[in-house]
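Here is how the chains run, residue by residue.
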Amino acid sequence: MNITVYLGANDGNDPLYLEEACRLGRWIGSSGHTLVYGGSACGLMGALARSALEAGGKVIGVDTDQAGVIAAYAAGEDIPARKTKMIELGDAFIAFPGGTGTLEEVSEVMSKLSLGHLSAPCIFYNLNGYYDDVQRLLTRMISAGFSFPEKQKDVHFVRSLEAIRHILE
């Protein structure tokens, strides 16, 4: 399975993010899955990719420029093409803690799920409640009549790698 992971190119200020990114990478690599990620060698992205590779996994970095990509490279000529390629390559999607780029990319996945243009699990790795506000917003969209439970059925919020494994295995 190709698992597309969206996450920060920085480490964040809690060491747990780096620890869990490495755990996620090791699991992807050791379980025979392929990691698809944004291509950076920096921050959480780089740690995730290196951990997957060290565990014997396959890694595809999707970026607009091959410079700095630490694994197999898939070109995206610009940011919209990069996002499209990451979705095309993915069988499942994980939003790990990250910044506005992470939020934008996973929002596109959720939109495609809602419209029926994609059928795949979209998992928010909600470490220490990082995505609690996003979860509340999605619930609010339903209660306000702008979304419906069936449009969000493939969107999951989990707090552990074990929960991710349960969804994907």
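Right above here is the structure, for reference.
Here's a quick rundown of the structure. (Residues numbered from 1 in each chain as written. Predicted model: local features only at pLDDT ≥ 70, side-chain atom pairs only at ≥ 80, totals over all residues. Heavy atoms only, no water.)

A look at the environment of Tyr130
Relative to the helices and strands, Tyr130 is located in the loop between strand E6 (122–125) and helix H5 (132–143). For the pair Tyr130 and Arg165, spaced 35 residues apart in the sequence, the C-alpha separation amounts to 19 Å. At 2.5 Å, the side chain of Tyr130 forms a polar contact with the backbone oxygen of Gly98. (Helix = DSSP H or I, 4+ residues; strand = E, 2+ residues; numbered from the N terminus. Polar contact = N/O pair within 3.5 Å; in protein donor to acceptor, adjacent residues only side chain to side chain.)

Describing the packing of aromatic side chains
In the structure shown here, the tally under the stated rule is six aromatic pairs. Seen from their ring centres, Tyr6 and Phe93 are 6.5 Å apart, and the 10° between their planes marks the pair as stacked. With Tyr6 in strand E1 (residues 2–6) and Phe93 in strand E5 (residues 92–95), the pair connects residues that are 87 residues apart, well separated along the chain. Under the relative-accessibility criterion, Tyr6 is labelled buried at 2%. Relative to Tyr130, the ring of Tyr17 lies with its centre 6.0 Å away and its plane at 80°, an arrangement referred to as edge-to-face. (Phe/Tyr/Trp six-rings, centres within 6.5 Å; stacked < 30°, edge-to-face > 60°. Buried < 20%, exposed > 50% of the residue type's maximum accessible area, 1.4 Å probe, protein only.)

A look at the environment of Glu162
Mapped onto the secondary structure, Glu162 falls in helix H6 (residues 161–168). Along the primary structure Glu162 and Leu24 are separated by 138 residues, whereas in three dimensions their C-alpha atoms are 9.9 Å apart. A distance of 2.9 Å separates the side chain of Glu162 from the side chain of Arg23, its partner in a polar contact.

Some points on helix H4 (residues 100–115)
Over its 16 residues, H4 extends 22 Å from the first C-alpha to the last, a length consistent with the 22 Å expected when each residue adds 1.5 Å. Looking only at H4, the buried set comprises Thr102, Glu105, Val106, Val109, Met110 and Leu113. Take H4 and look down its axis: the buried residues cluster within an arc of 140°, on one side only. Those residues of H4 that are exposed and angled more than 90 degrees off the buried face are Thr100 and Leu115. Elements in contact with the buried residues of H4: E1, helix H3 (79–89), E5, E6, H5 and strand E7 (155–158). Backbone geometry just after H4 places Gly116 at a positive phi near 80°. (Expected span 1.5 Å × (residues − 1). Arc of directions from axis to C-beta. Contact = heavy atoms within 4.5 Å.)

Regarding the packing of helix H1 (residues 15–30) against helix H2 (residues 43–54)
Direction vectors running N to C along H1 and H2 enclose 35°, while the axes themselves pass 7 Å from each other. Note that H1 runs across H2; the crossing there is right-handed. Residues Tyr17, Leu18, Ala21, Cys22, Leu24, Gly25, Arg26 and Gly29 of H1 form the contact with H2, whose own contacting residues are Leu44, Ala47, Leu48, Ser51 and Ala52. Its residues placed into classes, the contact of H1 with H2 shows nine nonpolar, three polar and one charged. (Axes fitted to C-alpha atoms, helices over the stretch in contact; angles between N-to-C directions. Left-handed = near helix turned anticlockwise from the far one by under 90°. Nonpolar A, V, L, I, M, F, W, Y, C, P; charged D, E, K, R; others polar.)

Brief notes about H2
The end-to-end C-alpha separation of H2 is 17 Å, in line with the 16 Å expected for twelve residues at 1.5 Å each. Burial analysis of H2 places nine of its twelve residues in the buried class, which makes it a mostly covered element. Residues of H2 that are buried: Gly43, Leu44, Met45, Gly46, Ala47, Leu48, Ala49, Ser51 and Ala52. Buried-residue contacts for H2 involve E1, H1, strand E2 (34–37), strand E3 (58–63) and H3. After H2 finishes, the residue Gly56 shows a positive phi value of roughly 90°.

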